[in-house]
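Each chain, written out:
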Amino acid sequence: MSELLFKEVPEESEQYKNSKKREKTLLIVAGIAIGLAIIGFIVIAITEGVIFAMIPVLLIVVIAIVNGLVVYNNVGKSLYVYSDKILVSRILHKDMQIDISPEQYQIILLPVVGRDPAVFKMKFVEKSTNKVMFYYKVCSLIPSHFQAPRNEWENEFLKLECDIIDDNEIIKNRPARNKGEPINEK
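Report follows, based on the coordinates.

Conventions and cut-offs
- Residues numbered from 1 in each chain as written.
- Predicted model: local features only at pLDDT ≥ 70, side-chain atom pairs only at ≥ 80, totals over all residues.
- Heavy atoms only, no water.
- Pairing = 2+ DSSP bridges.
- Helix = DSSP H or I, 4+ residues; strand = E, 2+ residues; numbered from the N terminus.
- Axes fitted to C-alpha atoms, helices over the stretch in contact; angles between N-to-C directions.
- Buried < 20%, exposed > 50% of the residue type's maximum accessible area, 1.4 Å probe, protein only.
- Core = buried A, V, L, I, M, F, W, Y, C linked by side-chain atoms within 4.5 Å.
- Contact = heavy atoms within 4.5 Å.
- Phe/Tyr/Trp six-rings, centres within 6.5 Å; stacked < 30°, edge-to-face > 60°.
- Lys NZ or Arg CZ within 6 Å of the ring centre and 35° of its normal.

**A closer look at the sheet that holds strand β4 (residues 96-98)**
Line of reasoning, step 1. Spatially, β1-β2-β3-β4 is the arrangement adopted by the four strands of the open sheet, whose pairing is antiparallel. Of all the strands in the sheet, the pair left with one neighbour each is β1 (4-8) and β4. The sheet shows a mean angle of 10 degrees between the axes of neighbouring strands, taken without regard to direction.
Line of reasoning, step 2. Pairing of β1 with strand β2 (residues 76-82) involves four bridges; the strand directions are antiparallel. Pairing of L4 across the sheet is with Y82, part of β2.

The following block contains the structure:
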């Protein structure tokens, strides 16, 4: 029987839901303003007979769509780590299940560079082949501040039976380790 060891489900986090509400409101207002500006620009271009003037507007729209797809690639919808499998659901990817026990893989914590909806990234690596199974960008798990009590999710995460490598010190309140050494509290 599978035992649930760890989960990350942004939709269950109240803090994540509240930040998403504010973000959606801002996106709707900005989208309406930009839409009205584009419609006005198109009307002016058509009435003046300068259709080629719409090319920069279309280029900006295409760049915005591509940027949105790149930023949201691998962003997590849910991650469930069981004693014998991993279930992962990500935006822009199909859901997958990997049948593997925690002793057979390691998780490497990585920072997220630039403006991104994710807080940090998890890289799941199979130990025997050193092959990357997948990346998962974490949205709702916020690490505790230095010398503050650890969050509940950090305690659960550090008790996982797989090796956890945190060379970038995403989780700050833990015993010091050398680079590349697991930080688990087994």
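**Looking at unusual backbone geometry**
Line of reasoning, step 1. Phi at N130 is positive, roughly 60 degrees, even though this residue is not glycine.
Line of reasoning, step 2. On the basis of relative accessible area, N130 is assigned to the exposed category, the value being 58%.
Line of reasoning, step 3. Non-glycine residue Q147 carries a positive phi angle of around 65 degrees.

**Considering the nonpolar core**
Line of reasoning, step 1. Formed by 26 residues in total, the largest nonpolar core has its most connected members in L79, I107, L109, M122, F124 and F157.
Line of reasoning, step 2. Every element with two or more residues in this core is listed here: β2, β3 (86-90), β5 (105-111), β6 (120-126), β7 (131-138) and α3 (152-158).
Line of reasoning, step 3. If near-sequence neighbours (up to four positions away) are discounted, M122 is found in contact with F6, L79, I107, I108, L109, F134, Y135, Y136, V138 and F157.

**Looking at the packing of aromatic side chains**
Line of reasoning, step 1. Applying the stated criterion across every chain, the model contains six aromatic pairs.
Line of reasoning, step 2. Seen from their ring centres, Y105 and F124 are 6.1 Å apart, and the 45 degrees between their planes marks the pair as tilted. Highlighted residues: Y105 in strand β5 and F124 in strand β6, separated in sequence by 19 residues.
Line of reasoning, step 3. Its relative accessible area of 0% is what places F124 among the buried residues.
Line of reasoning, step 4. A ring pair is formed by F124 and F134, whose centres lie 4.4 Å apart and whose planes are at 15 degrees; its orientation type is stacked. With a gap of 10 residues between them, F124 in strand β6 and F134 in strand β7 connect regions that are remote in the sequence.
Line of reasoning, step 5. Given the relative accessible area of 4%, F134 is considered buried.
Line of reasoning, step 6. Joined through ring pairs, the aromatic side chains of F6, F120, W153 and F157 make up one cluster.
Line of reasoning, step 7. The ring centre of Y82 lies 5.3 Å from the NZ or CZ of K85, which sits over that ring.

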